[in-house]
Amino acid sequence: MELLKSEHLPPPQMEESELHEVLHHTLANVDGKAYRTMVGQIFSQRISPAIDYAYDSDILKGSFSVRSAKIQQHVCETVSRIFKRHGAIKLQTPLLMPRNKKLYEHNEASYLMDHSGMLVMLPYDLRIPFARFVARNNITNLKRYCIERVYRPRKLDRCHPRELLECAFDIITPAGNNFLPIAETIYTISEIIQEFPVLQERNYSILLNHTALLKAILLHCGIPEDKLNQVYIILYDAVTEKLTKREVEAKFCNISLSPNSLNRLYRFIEQKGELQDLTPMLNTLLKQKTGISSLVKLGIKELEETMGLLKKLGIKFQVSINLGLVYKMQLHNGIIFQFIAYIKRRQRIVTEILAAGGRYDHLIPQFRGLQAVGLVPLAVGVSIAIDKISSAVLNMEESITVNSCELLVVSIGQMAKTRAINIVQKLWAAGIAAEIMYDWSQSQEELQEYCRCSGITYVALISDKEGSHVKVKSFEKERQTEKRILETDLVDHVAQKLRTKVCDERSNREISDLPVQNPKGSSSNISGVFEPHGTAVIPNVCIVASEKLSASARRRCEIQVQTRLQTCIATLQQKTNEVEILAVDLPKETIRHFLSLEVKQLISKSSFLIICLQVLYCNNFRLIIPKIKLVFLTLKVEVSATVPFLPLK
């Protein structure tokens, strides 16, 4: 017995058929002891150092770039701001879901096994997990966006799945026969393209199709209904140039499609243009049997409705109908669309798809429980390739500067470190993005190079030799200036500089709520009172005092008004990015009389007027505003708010 138990003996041989039978029997009973033992052995495998290193070596290959990360962050923030403007909330869904091969008949997902042996899959896209989330939570009204990673399997074993950064925007509404959600979704993508000059240069166009039209064409060409899913996959591979024309013909031959039927199919799917230009060809389908005719009528009607809404929204891109457009047909029902451009890559012109989406409410019932009741909501969504936008911005001929910090605080010598810490705390408290230099031994040249690479505009040099003063260096418009100011005035000085910078660059913006961005793409992200909650709300403060104020006192008043009104200003972020603040020292009765006048003609319709009541200026310029009345003349809405003000010293 001891000899038979020896590890030096070779394992007993088992016929391959017997082994398969044992494995099949074991896997059939997931609650059995044999199954748990097998899974336990799988998870007890030892990973060698070589496999550990090679697993993600192509991802972690030492080519990380801070600039690339900042560009990606800038793109994500810009896209998120647009979605928020449309009332969307950021919503993430669970990462994993049980394997469902039916949903990915063509696009293979990345599968994993959990500790119990259950097969789960990483998201191939963000739409299917969200549809499952909507179904399980009985959601009927929601507008959401999400920026997350999606995964693609590799052909190689023992390697990390390929990662892509994708953005999803979805509208869930109980209005079942409304085409405004699909039009708004398309309009939102057009807004994103307008945000980036490098995307505008590519001349994107919008392709539309309808799943009912495509189905009618295939049935008219003699393709059996049970073969439609196979044909959708073949057409998708043909459109995306994964298959040559000869390979496409061979696959159609395998499903017994005659050459005449194939030629007829090609004549249809190669058609694109305005809907009225395609009507004569589509009218030939209306003469077919009732099923095909009804599908064509439905498709034409919904395309006409959608095209009409896009015109009302003022879409500036070319919109055309492409009868050969195929996009995840097993998921969508109704209108489908793509944003495409033809770009040059490696000496050839290729089609780039920036975004694609459509209506998918037929997907939701697949995840509903047996006891689910109620109508299925209308669901529309689009997927945007964030990686493509980031890559385009990164490779611009005139590179943009995205700064995550406005001011660098540098202590010269160990003794000034405490002062530097106190100063950076005050800057943070004032809402100014600031960074403290950890290594104070760097040379001036090294500091300047660091600021240039990081997009930092200002440097505050803290030294004991300067006493209570601070040296502020500025790197603006390729020139360097230096100013010596009191440490107590540093926060106000920097805040005023940043406000001036925002006002100067505001005139270059074409869209009211863009981040501070000039035509070349240089961007600034100023936080605090200048950009509460990530929206560039820029207040213009006008102090009307009964006494003459010095420049420094006026600046202090302006900064304090901006700071104290931050909460009120933040409520305007969905309405405008320009706020006019008029601070006056007048009796309450005079202000009330002023508000009763018709002064609408005195201000621009695009701006708002905030009148501060009971503003008192004492001889030492202490500012007291116990009550603020917000008057939105363009909306005819009045809001009262109590705001405590600290005295100005």
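## Topic: a negative patch on the surface
Link 1 in the chain: Together, Glu-15, Glu-16, Glu-18 and Glu-21 line one region of the surface with negative charge.
Link 2 in the chain: Locating Glu-18 in the fold gives a position in helix H2 (residues 16–28).
Link 3 in the chain: What makes Glu-18 partly exposed here is its relative accessible area of 43%.

## Observations concerning the environment of Lys-473
Link 1 in the chain: Inspection of the secondary structure puts Lys-473 in strand E17 (residues 469–476).
Link 2 in the chain: Residue Lys-473 is classed as buried on the basis of its relative accessible area, which comes to 12%.
Link 3 in the chain: Separated by 12 residues in the primary sequence, Lys-473 and Leu-461 place their C-alpha atoms 7.8 Å from one another.
Link 4 in the chain: Setting aside anything within four residues of it in sequence, one finds Lys-473 in contact with Gln-444, Thr-457, Tyr-458, Val-459, Leu-461, Gln-480, Thr-481 and Glu-482.

## A few points about the sheet that holds strand E15 (residues 434–436)
Link 1 in the chain: One open sheet accounts for 5 strands, arranged E15-E14-E16-E17-E18; its pairing is mixed. At either margin of the open sheet sits one strand with a lone partner, and together these are E15 and strand E18 (479–486). For this sheet, the mean angle separating the axes of adjacent strands, direction not counted, is 25°.
Link 2 in the chain: Sheet analysis places strand E16 (residues 458–463) next to E17, joined by 4 bridges and oriented antiparallel. Bridging from a neighbouring strand, Leu-461 pairs with Lys-471 of E17.
Link 3 in the chain: Packed on one face of the sheet, helix H17 (residues 444–454) meets strand E14 (407–412), E15, E16, E17 and E18 and runs near 165° to E14.

## What to know about the confidence of the model for the protein
Link 1 in the chain: Taken as a whole, the protein shows an average pLDDT of 79; of its residues, 75% reach a score of 70 or greater.
Link 2 in the chain: Scored below 50 in pLDDT, residues 509–537 makes 87 contacts in the model with residues more than four places away or belonging to other chains.
Link 3 in the chain: For the stretch residues 573–577, pLDDT sits under 50, and the model shows 17 contacts to residues farther than four places along the chain or on other chains.

## Quick look at the pattern of salt bridges
Link 1 in the chain: Using the criterion set out here, one finds 16 salt bridges in the structure.
Link 2 in the chain: Where Arg-127 meets Asp-170, a salt bridge forms, and the shortest distance between an N and an O atom there is 2.9 Å. Of this pair, Arg-127 sits in helix H6 (residues 127–136) while Asp-170 sits in strand E6 (residues 162–173), placing them 43 residues apart in sequence.
Link 3 in the chain: Accessibility expressed as a relative area gives 0% for Asp-170, which makes it buried.
Link 4 in the chain: The shortest N-O distance in the salt bridge between Asp-361 and Arg-359 comes to 2.6 Å. Here the two residues Asp-361 and Arg-359 agree in accessibility, since each one is buried.

Rules and cut-offs
Residues numbered from 1 in each chain as written. Predicted model: local features only at pLDDT ≥ 70, side-chain atom pairs only at ≥ 80, totals over all residues. Heavy atoms only, no water. Patch = residues over 30% accessible without salt bridge, like charges linked within 9 Å, V, L, I, M, F, W, Y side chains within 5 Å. Areas by Shrake-Rupley, 256 points an atom, 1.4 Å probe, with all protein chains shown as cover. Salt bridge = Lys/Arg side-chain N within 4 Å of Asp/Glu carboxyl O. Lys, Arg positive; Asp, Glu negative; His and termini not counted. Charge placed at Lys NZ, Arg CZ, Asp CG, Glu CD. Helix = DSSP H or I, 4+ residues; strand = E, 2+ residues; numbered from the N terminus. Buried < 20%, exposed > 50% of the residue type's maximum accessible area, 1.4 Å probe, protein only. Contact = heavy atoms within 4.5 Å. Pairing = 2+ DSSP bridges. Axes fitted to C-alpha atoms, helices over the stretch in contact; angles between N-to-C directions. pLDDT = per-residue confidence, 0-100.

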